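Topology and contacts: notes
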Amino acid sequence: MGATRETVAGLTERHRLRARLDAAVAGLAPAPPTPCAVVDLDAFDANATDLVRRAGGTPIRVASKSLRVPALLARVLARDGFAGVLGYTLAEALWLHETGVSDDVVVAYPTVDRASLAALTASPGAAAAVTLMVDDVAHLDVVDSVRSSLAVPVRVALDVDAALAAPGGVRVGPRRSPLRSVADVVALAEAVLARPGFRLVGVMTYEGQVAGVPDDVPGQRARMGVVRRIKSASVPQLVERRAAVAAALDDLVELEFWNAGGSGSVETSAADPVVTEVAAGSGLLVPGLFDHYRSFVPRPAAYVGVPVTRRPDARTATVHGGGYVASGPVGVDRLPLPWAPPGLELTSLEAAGEVQTPLVGPGVDVLRVGDLVWFRHAKSGELFEHTDRVHLLSGRAIGETVATYRGAGRSFG
Ligand SMILES: Cc1ncc(COP(=O)(O)O)c(C=O)c1O
């Protein structure tokens with residue numbers, strides 16, 4: 001189930017990877033618990049360099065949901081070309097600020113978390129570091145309902161829909177913001193500007209239909225043709241829409257930033273003159289769902305090792321764990337990929353199991369009880385909701401072991 005056709009060079013690479021990961025983990029004392037997550041820093045850093053190249057001088061705001069490891073956020077933020085965090089909850093943003101990871105966090109999704117809003121509006125320091133995303137006056141009302149004074153201004157950005165407007169009123173893209181027309185955006189901008197205690201500082205236009213959809217999946221020619229047409233229609237349409245919205249907002253407010261894009265769209269998002277920063281996260285760890293984009297060469301950087309605990313028969317090796325299934329539309333592409341050694345497949349009957357996962361395929365022959373099988377997750381940061389630590393591999397050795405959000409006792413949903 002879900003076997004990837006692989007070149008000889010690719011297979012050799014995966015055998016080498018297995019040897020490298022096994023040896024690095026074997027060098028740890030005491031032996032690490034499983035599941036055992038490893039990030040290959042050489043690949044991670046090379047991916048960061050490539051993202052910066054693709055952005056062509058436009059700063060990259062790192063999408064924290066796609067990492068969920070403070071040390072990795074700090075590592076990438078220390079590099080030239082990266083600036084600020086695109087967070088996924090307000091509680092997370094407050095924590096990243098409090099712990100010194102970043103003093104510039106844009107929360108990419110609207111929040112109604114009253115406890116965190118109360119904390120934000122009580123802290124001038126946090127309020128200066130964190131920007132909330134809004135697309136509705138209701139989001140402003142929630143802030144006002146929890147704060148005790150207007151003394152601390154709340155920074156807000158407008159999330160403007162960036163879906164493709166196709167013929168027949170069909171919209172292709174994430175269903176998020178209701179702000180579609182220039183008039184919609186101007187009306188909310190005016191509402192923010194008229195309301196005491198808020199500062200309108202930015203705009204975000206996330207074109208998920210370009211940034212987050214693979215367009216080079218082998219064996220899916222017809223589908224890829226449709227995806228490519230959607231992408232190539234979206235980009236010029238968005239340039240026009242952004243320009244129109246920007247021109248209208250120019251008369252009202254001086255913005256600090258205009259965020260766009262994601263790992264799959266870095267170059268087209270950065271090329272839009274209105275855009276001042278691009279977002280990217282998944283392109284750093286390159287999970288399974290990011291293996292097939294025309295816009296970049298995948299360099300996987302995150303692995304999770306689980307042990308073979310039983311051999312039900314000569315054709316099957318069963319590992320403990322493995323059920324790290326990704327969010328999104330249910331499908332085989334959401335399953336973890338048994339990656340090293342190569343030649344392993346999930347079974348259609350059990351797939352990735354809650355406690356155990358049987359594996360079949362020619363790769364089984366080399367597996368003994370106690371061996372590790374290295375999986376890749378389909379999505380980027382979600383893997384780290386399953387482990388409390390990550391081993392950071394430099395060259396052939398683990399240099400450091402760091403906490404995930406979960407390991408730091410934080411889970412932001
Ligand atoms: C608002 C927003 N920006 C950017 C991204 C891109 O993140 P990544 O680069 O991890 O795909 C996402 C992903 O869903 C997103 O929701």
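Residues numbered from 1 in each chain as written. Predicted model: local features only at pLDDT ≥ 70, side-chain atom pairs only at ≥ 80, totals over all residues. Heavy atoms only, no water.

Section: the domain arrangement of the protein
Here the protein is partitioned into domain 1 (5-40 + 297-403) and domain 2 (42-284). For domain 1 and domain 2, the distance between their C-alpha centres works out to 32 Å. Facing 17 residues of domain 1, the contacting portion of domain 2 comprises 18 residues. Summing both sides of the interface, domain 1 and domain 2 together bury roughly 1200 Å²; the carbon and sulfur share of this comes to 53%. (Domains from an automatic or database assignment. Contact = heavy atoms within 4.5 Å. Buried area = accessible area lost by both parts, 1.4 Å probe.)

Quick word on the environment of Asp-291
Inspection of the secondary structure puts Asp-291 in the loop between α12 (282-285) and β12 (302-313). Once residues lying within four places of it in the same chain are set aside, the contact partners of Asp-291 are Val-286, Pro-298, Leu-337, Trp-339 and Arg-376. Separated by 2.7 Å, the side chains of Asp-291 and Arg-376 make a polar contact. (Helix = DSSP H or I, 4+ residues; strand = E, 2+ residues; numbered from the N terminus. Polar contact = N/O pair within 3.5 Å; in protein donor to acceptor, adjacent residues only side chain to side chain.)

Remarks on the sheet that holds strand β10 (residues 257-260)
Within the closed barrel, the eight strands sit side by side as β2-β3-β4-β5-β6-β9-β10-β11. Their pairing is parallel. Between one strand and the next, the sheet's axes are offset by a mean angle of 30°, whatever the strand orientation. Where strand β2 (residues 60-63) meets strand β11 (residues 277-280), three bridges bridge the pair, whose relative direction is parallel. Directly across from Ile-60, in β11, lies its bridge partner Val-278. Across the sheet, helix α3 (residues 70-77) is in contact with β2 and β3 (82-87); its angle to β3 comes to roughly 145°. (Pairing = 2+ DSSP bridges. Axes fitted to C-alpha atoms, helices over the stretch in contact; angles between N-to-C directions.)

Quick word on the pairing of strand β9 (residues 198-205)
Taken across its eight residues, β9 has seven buried, putting it largely inside the fold. Of the strand pairs in this sheet, strand β6 (residues 154-159) and β9 are connected by six bridges, and their pairing is parallel. Each residue of the ladder has a partner; that of Asp-159, found in β9, is Met-204. In the sheet, β9 pairs with β10 via four bridges, with the strands oriented parallel. (Buried < 20%, exposed > 50% of the residue type's maximum accessible area, 1.4 Å probe, protein only.)

Quick word on helix α1 (residues 8-26)
Relative to the 27 Å expected for 19 residues at 1.5 Å per residue, α1 spans 27 Å between its end C-alpha atoms, a close match to the ideal helical length. Taken together, the buried positions of α1 are Gly-10, Arg-14, Leu-17, Arg-18, Arg-20, Leu-21, Ala-24 and Val-25. In the core, the buried residues of α1 are packed alongside β1 (36-40), β12, β14 (337-340), β17 (372-376), β18 (389-394) and β19 (397-403). (Expected span 1.5 Å × (residues − 1).)

As for the pattern of salt bridges
Applying the stated criterion across every chain, the model contains 25 salt bridges. With a shortest N-O distance of 3.1 Å, Arg-61 and Asp-104 are connected by a salt bridge. Of this pair, Arg-61 sits in strand β2 while Asp-104 sits in the loop between α4 (90-98) and β4 (105-107), placing them 43 residues apart in sequence. For Arg-61, a relative accessible area of 3% translates into the label buried. Glu-277 is paired through a salt bridge with Arg-61; the nearest N and O atoms lie 2.5 Å apart. Residue Glu-277 is found in strand β11, and its partner Arg-61 is found in strand β2; the two are separated by 216 residues along the sequence. Taken together, the salt bridges that share partners define one network made up of Asp-141, Asp-144, Arg-147 and Arg-195. (Salt bridge = Lys/Arg side-chain N within 4 Å of Asp/Glu carboxyl O.)

Overview of the side chain of Thr-111
Residue position: Thr-111 is located in the loop between β4 and α5 (114-121). In this structure the side chain of Thr-111 is engaged in a polar contact, spanning 3.1 Å, whose partner is the backbone nitrogen of Asp-113. With near-sequence residues (within four places) excluded, Thr-111 lies in contact with Leu-90, Leu-117, Leu-132 and Met-133.

Brief notes about the packing of aromatic side chains
Counted under the stated rule, the structure contains seven aromatic pairs. Both rings, one in Tyr-88 and one in Tyr-405, keep their centres 6.5 Å apart while their planes meet at 5°; by these two values the pair is stacked. A residue pair is termed long-range when its members are at least 10 positions apart, and Tyr-88 in the loop between β3 and α4 and Tyr-405 in the segment after β19 qualify at 317 residues. Each member of the pair, Tyr-88 together with Tyr-405, is buried. Through a chain of ring-to-ring contacts, three or more aromatic side chains come together here, namely Tyr-88, Trp-95, Tyr-405 and Phe-412. Of note, Arg-14 hangs over the ring of Trp-339, and the distance from its end group to the ring centre comes to 3.7 Å. Over the aromatic face of Phe-198 sits the side chain of Arg-147, whose NZ or CZ is 4.7 Å from the ring centroid. (Phe/Tyr/Trp six-rings, centres within 6.5 Å; stacked < 30°, edge-to-face > 60°. Lys NZ or Arg CZ within 6 Å of the ring centre and 35° of its normal.)

A closer look at the confidence of the model for the protein
Model confidence for the protein is summarised by a mean pLDDT of 97, while 99% of its residues fall at 70 or above. Mean pLDDT per element in the protein: strand β8 (residues 170-172) is the minimum at 94, and β4 is the maximum at 99. (pLDDT = per-residue confidence, 0-100.)

Notes on unusual backbone geometry
Residue Ala-29 is joined to Pro-30 through a cis peptide bond whose omega torsion reads -5°. Position of Pro-30 relative to the elements: it lies in the loop between α1 and β1. Across the junction of Ala-340 and Pro-341, the peptide omega takes the value 5°, indicating a cis bond. In this fold, Pro-341 is placed in the loop between β14 and β15 (345-346). At Arg-68, a residue that is not glycine, the phi angle is positive and equals roughly 60°. The residue Arg-68 is located in the loop between β2 and α3 in this model. When its relative accessible area of 10% is taken as the criterion, Arg-68 is described as buried. Phi at Val-286 takes a positive value of approximately 50°, unusual for a residue other than glycine. Within the secondary structure layout, Val-286 lies in the loop between α12 and β12.

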